[in-house]
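Listed here are the chains, written in short residue letters.
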Amino acid sequence: MWKNRQLRIRGIKSLTALTAAIALGAAISAPAQKPQQSLRIHYVDVEGGAATLIVTPAGESILVDAGWPGFDGRDAARIQTAMKRADISVIDHFINTHYHTDHYGGLPELAARVEIRNFYDHGPVDNLAEDRDFPRKYAAYRAAAKNRTTTLRPGDEIKLQRAPGTPAISLRVIASNGEVIGGRQGRPNPACTGVQLKAHDPSDNARSVAFVLRYGNFDFFDAGDLTWNIEHLLACPSDRIGVVDLYQVTHHGLNSSNNTALLRTLKPTVAIMNNGPRKGGHPDAVRDLLSLSSLQALYQVHRNVTTTPEENAPEEFIANLDEAGDAAHEITVTVDAAARTFTVTNGRTGVSRNYGVK
Ligand SMILES: [Zn+2]
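Now for a look at the structure at hand.

So, on to the coordination of the zinc ion. Protein-derived ligands of the zinc ion are Asp102 (OD), His103 (NE2), Asp225 (OD) and His252 (NE2), with the metal-ligand distances lying across 2.1 Å. Classification of the site at the zinc ion rests on its four donor atoms, whose angles at the metal span 85 to 156°, yielding the label irregular. Expressed as a motif, the donor residue spacing for the zinc ion is D-H-x121-D-x26-H. Here His103, found in helix H4 (residues 101–104), pairs with Asp225, found in the loop between strand E11 (218–222) and helix H7 (228–235); they are 122 residues apart in sequence, far enough to count as distant.

Here you go:
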């Protein structure tokens, strides 16, 4: 029953209107049971790009990045497939973490297929030294967004609806445009000991939007391709975030990101890496993740075909094993706030595993 109600109220934005719709809708039966208390996160396989689809218990959708352009609209089609599986028809919020092709390049093709209501990014950019084709791609993105974008700053929140009977849900920006949220005035973080900074990164990676999505006691961390020295500011000299349950492995698992001080501070229970067969999944990042005492599982969207089995997660935690004939299997996360558990499903094997919310 709840599912039917969810379908009917989808798209109604204010809680007042939502409540009114429930009260007025003769065809909508009163909730005789507790609503389905789940938050879902879908890892769409975009071959080493990023496209993370989040659907809240209220049926509101957030897409973080939109994969690559081209290949006959491959990534837009895969995102659409994920949307159908998630039983949604529009994207309420699109977050563009940064202006690199594997993150926002696929957005115009997706926008031509589905309605996208709100666009967020780290702010306007005139040019990018690392992408000679930037002006064309940026213009296509601006056109798809109808020139209406919201600049996210550290500390900003994207307001999300709360479904009746479910815990609070929030999405808080913790880094954007090279800046991070104000720190807790805490003690020096011991996780910073011995961790050195790297060379300054002038690329747009360092300006990635990073956020924490909180549902009940469950925390999900996604930092796009944020690089080492900005990650460092989130953990050092004092921790600005706290521990999380689910860590989207930053920058596809490259070792220019995934600062060890931050990993040791976030203490994730599960990490999911959106790597490609030949992109990301660096042995240093895999080693550092697997060495975390908090970590119960590392999942990978792809096997890294260029490294050894020991430098990959075990096969049962990998969604796509082969480079050729890619079946684009998803990894899906479902959070049950009432039970304080979350479930991760490997779309290739169909096997689900449960983890406790901290
Ligand atoms: Zn990337």
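Burial of E11 is extensive: five of the five residues sit out of reach of the surface. Every second residue of E11 is oriented toward a common face, with Phe218, Phe220 and Asp222 on one face and Asp219 and Phe221 on the other, all of them buried. The pairing of strand E10 (residues 210–215) with E11 spans five bridges and is classified as antiparallel. The partner of Val212 across the bridge, within E11, is Phe221. Connecting E10 to the antiparallel partner E11 that follows it, the hairpin turn spans two residues, and Gly216 within it adopts a positive phi of roughly 60°. Relative to strand E12 (residues 246–249), E11 runs parallel, the two sharing two bridges. Its bridge partner being in E12, Phe220 is matched across the sheet by Leu246. This β-α-β element, E11 to H7 to E12, shows right-handed connectivity.

In this section: the pairing of strand E4 (residues 90–95). Every regular strand shows the same layout, with side chains that alternate between the two sheet faces. With six of six residues buried, E4 lies mostly within the body of the structure. Note: strand E3 (residues 61–64) against E4, three bridges, orientation parallel. What sits directly across from Val64, in E4, is Ile95. As for the winding sense of the linkage, the β-α-β connection from E3 through helix H3 (residues 74–85) to E4 is right-handed. Of the strand pairs in this sheet, E4 and strand E5 (residues 115–121) are connected by five bridges, and their pairing is parallel.

The rules behind the values
Residues numbered from 1 in each chain as written. Predicted model: local features only at pLDDT ≥ 70, side-chain atom pairs only at ≥ 80, totals over all residues. Heavy atoms only, no water. Donors = N, O, S within 2.8 Å, 3.2 Å for Na, K, Ca; no water. Tetrahedral: all angles 85-135°; square planar, octahedral: opposite > 155°, others 65-115°. Helix = DSSP H or I, 4+ residues; strand = E, 2+ residues; numbered from the N terminus. Buried < 20%, exposed > 50% of the residue type's maximum accessible area, 1.4 Å probe, protein only. Pairing = 2+ DSSP bridges. Right-handed = clockwise from strand over helix to strand, strands pointing away.

The analysis is restricted to geometry; functional conclusions fall outside its scope.
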